[in-house]
Amino acid sequence: MRWTTGRARPPSGSPTDVAQPEGAAPGGLDRGTVASLLVVVTLTALCYPLITVGSAYAAPFQFATLRAGVAGVALGLLAVALRRQLPRSLRLWLLIALSGFSATSIGFLSMFMAAGLVSPGVATVVAGTQPIIAALVALVIFGEPFGKGHGVGMLVSLLGIAAIAAPDLAAGGVRASAGIGLVILATLGTALGNAVTKRLAGDVDAIAAAAAQLLFGALPLAALSYATEPWTVRLVAPAFLASLAVLALGGTAITYWLWIRILSRSPLNSANAFMFLVPLLGVAISAVFLEERIGPLTVLGMGLAIGGVVLASRGAGS
């Protein structure tokens, strides 16, 4: 079955065979890809603050289901309107389902359960370790190069992230530790999902694949929500609907679509290096809108994280 005659990207010879276009930025990324990555980073940084706002109105599984479902339906309708082609083989469908279960089911489930246990700023910082996990996954699954410069940059950024998180971890006790454990689980799910997405990204239409990933991933979340949580009229509160709209359409639908496009033409490690910028924006957003405190150690950590991104993007594969 096809939605239409629109074309997907032609199959790539190998998941790691990505041509470097003219005018490429450091790390083998062209300017358009860098711009897309910055959009992804900004929208991703909004996620935990928006989850914190919306969690006052919806139970965790409900919120996660609505986020994935609204985003998946929106992208599905867009794919139909643009006459995009569905994946063409059982292998691609299985990979999409696996990616959806890992990144959406496990990732969203853990992410929404962590809300209320740890501050959104710290959650975003901990989630910033995703590029390190993803790079190791890419090394194991694809044999993708993990050069010295890339490793040094990631280490510097990881030190920065640790500096940002340290004060809140010290003060939060068991509750904060449980929340951080859930964020780490969400991060692992996202990293594994990204690795699977890299395997199929060059062979599918980005919009159709993103819609299918989200809808597959929403099914287990919906089952959990139906079995364990009541649905209430608070779900139609304007504040909740606003946070859901931004989170589902901006932080999910647009992000998933752009991410699949990025991975179809860029090395996973180089793209993931930009995700170290997410904690910096997340902390800034939480400080401005949720009144989280930023101390000297946080400022130092942000500087280290930015420096690490520069080193990792310039040193990928070196």
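Keep in mind that what you see is a predicted model, and the values were worked out from it rather than measured.

**Thoughts on the pattern of salt bridges**
Working step 1: What the rule picks out here adds up to one salt bridge.
Working step 2: Across the pair Arg84 and Asp205 runs a salt bridge, and its minimum N-O distance is 2.7 Å. With Arg84 in the loop between helix 3 (60-81) and helix 4 (90-114) and Asp205 in the loop between helix 7 (148-200) and helix 8 (206-228), this pair connects stretches of sequence that are 121 residues apart.
Working step 3: Look at Arg84 and you get partly exposed, because its relative accessible area is 24%.

**Things to note about the packing of aromatic side chains**
Working step 1: For the structure on display, the rule yields six aromatic pairs.
Working step 2: Between the aromatic rings of Phe63 and Phe240, the centroid separation amounts to 5.1 Å while the plane-to-plane angle is 55°, which identifies the pairing as tilted. Of this pair, Phe63 sits in helix 3 while Phe240 sits in helix 9 (residues 238-263), and the two are 177 residues apart along the sequence.
Working step 3: An aromatic cluster is present here, built from Tyr57, Phe63, Phe108, Phe112, Phe240 and Tyr256 joined pairwise through their rings.
Working step 4: Positioned above the aromatic ring of Phe108, the side-chain terminus of Arg67 is 4.1 Å from the ring centre.

**Focus: empty space enclosed by the protein**
Working step 1: Going through the model one piece at a time under the given rule, you end up with three cavities of 30 Å³ or more.
Working step 2: Within this model, the largest cavity holds a volume of roughly 510 Å³.
Working step 3: If you trace the largest cavity, you find 30 residues lining it, with Thr44, Thr190, Asn194, Thr255 and Met275 closest to the centre.
Working step 4: Counting residues per element, the ones that place at least two in the lining of the largest cavity are helix 1 (31-45), helix 2 (47-54), helix 4, helix 5 (120-127), helix 6 (130-142), helix 7 and helix 9.
Working step 5: The element that contributes the greatest number of residues to the lining of the largest cavity is helix 7, accounting for seven residues.
Working step 6: Its residues assigned to classes, the lining of the largest cavity comprises 15 nonpolar, 14 polar and one charged.
Working step 7: In this structure, the second largest cavity encloses a volume near 80 Å³.
Working step 8: Forming the walls of the second largest cavity are Gly121, Val122, Ile164, Asp168, Val283, Glu292, Arg293, Ile294 and Thr298.
Working step 9: Breaking the lining of the second largest cavity down by element, the ones donating at least two residues are helix 5 and helix 7.
Working step 10: Its residues assigned to classes, the lining of the second largest cavity comprises four nonpolar, two polar and three charged.

Reading the values: the criteria
Residues numbered from 1 in each chain as written. Predicted model: local features only at pLDDT ≥ 70, side-chain atom pairs only at ≥ 80, totals over all residues. Heavy atoms only, no water. Salt bridge = Lys/Arg side-chain N within 4 Å of Asp/Glu carboxyl O. Helix = DSSP H or I, 4+ residues; strand = E, 2+ residues; numbered from the N terminus. Buried < 20%, exposed > 50% of the residue type's maximum accessible area, 1.4 Å probe, protein only. Phe/Tyr/Trp six-rings, centres within 6.5 Å; stacked < 30°, edge-to-face > 60°. Lys NZ or Arg CZ within 6 Å of the ring centre and 35° of its normal. 1 Å grid on protein atoms, 1.4 Å probe; cavity = no way out; pocket = protein on both sides within 12 Å on 5 of 7 lines; lining within 4 Å. Points joined across faces, edges and corners; volume = space filled by probe spheres on them. Nonpolar A, V, L, I, M, F, W, Y, C, P; charged D, E, K, R; others polar.

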